[in-house]
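Structure at a glance
In case you want the letters, here they are:
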Amino acid sequence: MFAMHGPLRRLAENSASDRDTRLAMWNRTWRAASLATAILIVGVGAVAAIADGPDQDVVPRYQEFSDSEGRFANFNLGGPTNTKKNAFFEDLGSNGRRCVTCHQANDAWTVTPAHIQARFDATRGTDPIFRTNDGSGCPTQDVSTVHARREAYSLLLNKGLIRIEQNVPATAEFTVLENDNPYGCNSTTAISAYRRPLPAANLPYLSTVMWDGRETFKNSDGTFQAVTADLAHQAVDATTGHAQGAVPSPEKVQEIVDFETKIFSAQTHSRDTGDLDEEGAQGGVRHLSKENFFIGINDPLGLNPTGKAFSSKIFDLYDSWSHIDDRHYNERTAARRSVARGEKLFNTLSIPIVGVAGLNDALNVPTINGFCGTCHDSPNVGDHSVPAPLNIGLVDPSRRTPDLPLVTVMCNATGKITQVTDIGRAMVTGKCADIGKFKGPILRGLAGRAPYFHNGSAATLDDAVDFYNTRFNLQLSQRDKEDLVAFLKTL
């Protein structure tokens, strides 16, 4: 075992009690925020399943579900889709897993802890999502009793995290010196990380597939291949990995890709603002499905193939709500004005970007005067329009909680030692420069899929905004934070 000395030891000792306090606070916040919500269906012939089961025969063209903020909608451009005849819903593996196991319609096509907990209670922890190959903290954990299963699957139950195991690349520029894993997966060559399943919706707007980009590939000429080719590769890996099955046929893979590239998900109704397409607003899933996108659209570093300059005005969904006349004031007006202010803040807030690996170091600029759109540049979608993995500090030791590992990594050429809770992109590329880097996700449909960040470390959108406020010293007022959260909840 690698022994920590000097600053590393003091850092670990000083942060231990803080980590315990943060985890306890996180659990309290998440339990309050993740009460199971009722399900509302708007569509023909659809029954939404909380548990992974065969009772959803059709995914309709349009479908709404309740969430903590109101309602979100799924828009199926290929629908109605018969789930009995589509590989996304078929059992192609050996352990009962299907694509829909971790990508559920009532969770905005991912999974959320409240519904995972309901599935555990309904099946005593035997639903197909509960499998030791990646659902437990480590495959060696005891799952012989209900109590043991609840312990083994705690990360999945509490934060909706799936275990991703990767071998350190043979050509890696770094060596893993120590792997302090709470669940017993302490190997220094096969590293376990714990991440949220990304939504299987809004995929035509992706520039990067998977948090670490391991399913994004380049053509022989150095350009990035079509996202549909990446998704086909990912469907094979998910079937052979998560579902522990054989390689599916090209026809089955195509069915999966065809389905998931025609599904869009976004908030459609807010308790406070009402419908998100009223009074000239353009919220909701139907507007989202029509957004223009191509690799490099609105890129801030000059990678837009059209040559058009970057604009920090990423969202214009609620411009009309900023001009509501006092003569038309009603019970929705104050909330709608708040959303409009939050959208304007997202577009105009000046952010001093410092210490972000992948930006400051790549450009050799200590401070970049940026915006939210510097990292979320796709118009009215909000992800990065080119593959751009970044380290914003989410995996720093100071943010570790006791339910996450702490991995000590040494860069071989320099001897520099880094500690992170997830090595990130570097486990794909082997490069020291990529340690702790992840992509930013699509921002649409946020309210229906808490918790947030790759490791579920933000239980609510308030927590996510607080992270950025602290990380970049934004000095947001209380109203600013409330307006930003109000806006994000409508996406």
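See the structure above.
Now for a description of the structure that goes with this document. Source: prediction; values computed, not measured.

Concerning the overall build of the chain
For the chain, the helix and strand inventory stands at 13 helices and 13 strands. Split into buried and exposed, the 491 residues of the chain put 54% on the buried side. Summing over all exposed atoms, the chain offers an accessible surface of approximately 20,500 Å²; the carbon and sulfur share of this is 53%.

Focus on the sheet that holds strand β12 (residues 406-411)
Spatial ordering of the open sheet is given by β6-β12-β13, a layout of three strands whose pairing is antiparallel. In this open sheet, the two strands that pair with only one neighbour each are β6 (174-180) and β13 (417-420). Neighbouring strand axes in the sheet, compared pairwise and without regard to direction, differ in orientation by 20 degrees on average. Pairing analysis gives six bridges linking β6 to β12, with the strands arranged antiparallel. When the bridges of β12 are listed, valine 176 appears paired with valine 409.

A short note on unusual backbone geometry
For the peptide bond that leads from glycine 79 to proline 80, omega is 0 degrees, which places it in the cis range. Take proline 80: it is sitting in the loop between β3 (70-76) and β4 (81-82). A cis amide bond links alanine 450 to the next residue, proline 451, at an omega of 5 degrees. As for its position among the elements, proline 451 is in the loop between α11 (426-429) and α12 (461-471). The phi dihedral of asparagine 473 falls on the positive side, at around 50 degrees, and the residue is not glycine. By the secondary structure assignment, asparagine 473 is in the loop between α12 and α13 (478-489).

So, the nonpolar core
Side chains of nonpolar character tend, in soluble globular proteins, to be buried together. Counting 40 residues, the largest nonpolar core has Tyr318, Trp321, Phe346, Phe487 and Leu491 as its most contacted members. Beyond its immediate sequence surroundings of up to four residues, leucine 491 is in contact with Ala266, Gln267, Phe315, Leu317, Leu443, Arg444, Gly445 and Leu446. Counting 36 residues, the second largest nonpolar core, distinct from the first, contains Phe65, Trp109, Ala200 and Val381.

Observations concerning the state of the cysteines
As used here, a disulfide is simply a covalent bond connecting the sulfur atoms of two cysteines. In total, this model carries two disulfides according to the counting rule given. One disulfide in the model links cysteine 138 with cysteine 185; its S-S distance is 2.0 Å. In this structure, the disulfide formed by cysteine 138 and cysteine 185 twists by about 95 degrees around the S-S bond and is classed as right-handed. Linking cysteine 138 in the loop between α3 (113-123) and α4 (146-152) with cysteine 185 in the loop between β6 and β7 (190-195), this pair joins segments that are 47 residues apart in sequence. Both residues of the pair, cysteine 138 and cysteine 185, count as buried. Between the sulfur atoms of cysteine 411 and its disulfide partner cysteine 432 the distance amounts to 2.3 Å. Handedness here is read from the sign of the S-S torsion; for cysteine 411 and cysteine 432, about -135 degrees, the answer is left-handed. With cysteine 411 in strand β12 and cysteine 432 in the loop between α11 and α12, the pair connects residues that are 21 residues apart, well separated along the chain.

Description of α12
For α12, the full list of buried residues reads Leu461, Ala464, Val465, Phe467 and Asn469. Packed against the buried residues of α12 are α13. Directly after α12, the chain includes asparagine 473, whose backbone phi takes a positive value near 50 degrees.

A short note on the side chain of threonine 374
Here threonine 374 is to be found in the loop between β11 (367-370) and β12. Excluding its chain neighbours within four sequence positions, the residues that come into contact with threonine 374 are Pro300, Phe310, Ile353, Leu359 and His384.

A short note on the pattern of salt bridges
The full count for this structure, using the stated rule, is 22 salt bridges. Residue lysine 489 is joined to glutamate 69 by a salt bridge in which the shortest nitrogen-to-oxygen separation is 3.4 Å. With lysine 489 in helix α13 and glutamate 69 in the loop between β2 (62-67) and β3, this pair connects stretches of sequence that are 420 residues apart. For lysine 489, a relative accessible area of 24% puts it in the partly exposed group. Residue glutamate 69 is classed as buried on the basis of its relative accessible area of 16%. The partner of aspartate 275 in a salt bridge is arginine 71, and the shortest N-O contact between them spans 4.0 Å. Remark: arginine 71 occurs in strand β3 and aspartate 275 occurs in strand β9 (residues 274-275); sequence separation between them is 204 residues. On the basis of relative accessibility, which here comes to 28%, the residue aspartate 275 falls in the partly exposed class.

Some points on the sheet that holds β9
With antiparallel pairing, the four strands of this open sheet are ordered in space as β2-β3-β8-β9. The sheet terminates laterally at β2 and β9, the two strands that pair on one side only. Here strand β8 (residues 263-270) runs beside β9; their pairing, made up of two bridges, is antiparallel. The residue bridging histidine 269 from the neighbouring strand is aspartate 275, located in β9.

What counts and how
- The numbers attached to residues start from 1 for each chain and follow its sequence in the written order.
- In view of the model being predicted, local features appear only for residues whose pLDDT reaches at least 70, and side-chain atom pairs are presented and counted only at 80 or more, with totals across whole chains, interfaces and linings using the full set of residues.
- Only hydrogens and water are set aside when side-chain values are computed; all heavy atoms of the structure are taken into account.
- Helix and strand labels come from DSSP, where a helix needs a run of H or I of at least four residues and a strand needs a run of E of at least two; each type is numbered from the N terminus.
- For every residue, the accessible area obtained with a 1.4 Å probe (protein chains only) is divided by the maximum for its type, and the residue is called buried under 20%, exposed over 50%, and partly exposed between those limits.
- Here the open area of atoms and residues is found with the Shrake-Rupley method and a 1.4 Å probe, where only the protein chains shown may cover a residue.
- In this scheme, strands are said to pair when DSSP sees at least two bridges between them.
- A fitted line through C-alpha atoms represents every axis, and for helices the fit uses only the stretch in contact; the resulting angles, taken between N-to-C directions, go from 0 to 180 degrees.
- Take the buried residues of types Ala, Val, Leu, Ile, Met, Phe, Trp, Tyr and Cys, join any two whose side-chain atoms come within 4.5 Å, and each joined set is a nonpolar core.
- Contacts are residue-level and defined by heavy atoms, with any inter-residue pair within 4.5 Å sufficient.
- When the sulfur atoms of two cysteines come within 2.5 Å, that pair is taken as a disulfide.
- Salt bridges, as used here, are contacts in which a Lys or Arg side-chain nitrogen is within 4 Å of a carboxyl oxygen on Asp or Glu.

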